[in-house]
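# Inside the fold
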Amino acid sequence: MALNATTELTHAPEAVIATLADRDFAEHLTGLVGGTLKSFEVAGDTAAAFTLTTVRTVPTDRAPEIARKFVGQTVDITQVESWSAPAVDGSRTASLKVTVGSLPVSVAGTESLTATAAGSALGVEATVSSSIPFVGGKIASAAEPFISKALKLQGTKVSAWIERG
């Protein structure tokens with residue numbers, strides 16, 4: 001299943017990256033969905049290429065029934081973003097990989113943070129897949145809106161976090 005989302009932000013790419021790499025922001029975002037931040041690691045200097053790894057435990061009460069059968073009441077979601085060094089205008093790209101607990105469900109793709117006249121645009125282009133025989137396609141299809149909402153939430157909350165000071 002294809003996953004595509006873009007959020008327009010009124011802040012420069014540097015401010016967006018600083019927010020995405022802020023543990024307090026990750027805790028805030030995780031709390032909005034009733035989850036717990038298990039781990040948060042920034043490997044490298046955010047002024048250059050770096051990797052951001054976030055592990056969250058989130059409730060599955062909003063997940064599709066077919067997915068809840070396999071994971072229970074909570075699930076650990078690991079998100080790994082390998083960001084490139086910034087271009088002259090601050091734009092960056094990242095490879096993205098998301099895994100969902102022990103399920104054979106994953107998200108793989110790219111993120112882009114592009115400088116715009118108004119600030120920046122944060123985009124995701126990825127594929128949700130599952131290798132479970134017979135029901136894998138149904139699980140990936142059911143998981144796509146859930147994962148898409150989580151990534152969109154991240155994008156929309158970045159501006160509010162920056163503006164709060």
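The following refers to the structure shown. None of the values given here were measured: they were computed from a predicted structure.

Conventions used here
- Residues numbered from 1 in each chain as written.
- Predicted model: local features only at pLDDT ≥ 70, side-chain atom pairs only at ≥ 80, totals over all residues.
- Heavy atoms only, no water.
- Helix = DSSP H or I, 4+ residues; strand = E, 2+ residues; numbered from the N terminus.
- Contact = heavy atoms within 4.5 Å.
- Areas by Shrake-Rupley, 256 points an atom, 1.4 Å probe, with all protein chains shown as cover.
- Pairing = 2+ DSSP bridges.
- Axes fitted to C-alpha atoms, helices over the stretch in contact; angles between N-to-C directions.
- Buried < 20%, exposed > 50% of the residue type's maximum accessible area, 1.4 Å probe, protein only.
- Arc of directions from axis to C-beta.
- Polar contact = N/O pair within 3.5 Å; in protein donor to acceptor, adjacent residues only side chain to side chain.
- Phe/Tyr/Trp six-rings, centres within 6.5 Å; stacked < 30°, edge-to-face > 60°.
- Core = buried A, V, L, I, M, F, W, Y, C linked by side-chain atoms within 4.5 Å.

### Some words on the overall build of the protein chain
- Across its full length, the protein chain carries four helices and seven strands.
- In the protein chain, the order of α-helices and β-strands from amino to carboxyl end is β-α-α-β-β-α-β-β-β-β-α.
- Long-range contacts, defined here as pairs at least 24 residues apart, represent 54% of the contacts in the protein chain between residues at least 6 apart.
- A total of about 8100 Å² of accessible surface is found on the protein chain, and carbon and sulfur atoms cover 55% of it.

### A few points about the sheet that holds strand S1 (residues 2-9)
- Read across the open sheet, the seven strands follow the order S1-S7-S6-S5-S4-S3-S2; overall the sheet is antiparallel. Both outer strands of the open sheet, S1 and strand S2 (36-43), are each paired with one neighbouring strand and no more. The mean angle between the axes of side-by-side strands here comes to 15°, regardless of whether they run parallel or antiparallel.
- Note that S1 and strand S7 (residues 119-130) share eight bridges and pair antiparallel.

### Observations concerning helix H1 (residues 13-20)
- Every buried residue of H1 is accounted for by Pro13, Val16, Ile17, Thr19 and Leu20. The buried residues of H1 occupy an angular sector of 160° when the element is viewed end-on, so they sit on one face.

### With respect to helix H2 (residues 23-32)
- The complete set of buried residues in H2 reads Phe25, Ala26, Leu29 and Thr30. Seen from one end, H2 has its buried residues packed into an arc of 130°, which puts them on one side.
- Here H2 starts with a cap whose side-chain oxygen sits 2.8 Å from the backbone nitrogen of aspartate 24, and that cap is aspartate 22.

### Re the packing of aromatic side chains
- With the rule as written, the count across this model stands at one aromatic pair.
- Geometrically, the ring pair formed by phenylalanine 25 and tryptophan 161 is edge-to-face, given 5.6 Å between the ring centres and 65° between the ring planes. Of this pair, phenylalanine 25 sits in helix H2 while tryptophan 161 sits in helix H4 (residues 136-163), placing them 136 residues apart in sequence.
- Looking at phenylalanine 25, the relative accessible area reads 2%, which means it is buried.

### Quick word on the pairing of S7
- Of all twelve residues that make up S7, nine are buried, and the element is covered over most of its length.
- Bridging between strand S6 (residues 105-116) and S7 involves twelve bridges; their strand directions are antiparallel. By the bridge assignment for S7, serine 112 is matched with glycine 123.
- Taking the residues that link successive antiparallel strands as the turn, the S6-S7 hairpin has two residues.

### Some thoughts on the nonpolar core
- Counting residues in hydrophobic clusters, the biggest one holds 18 residues, and the most contacted among them are Leu20 and Trp83.
- Within the residue set of this core, elements represented by two or more residues are H1, H2, S2, strand S3 (50-59) and H4.
- Residue contacts for leucine 20: discarding those within four places in its chain leaves Phe25, Phe40, Leu52, Trp83, Leu122, Gln154 and Val158.

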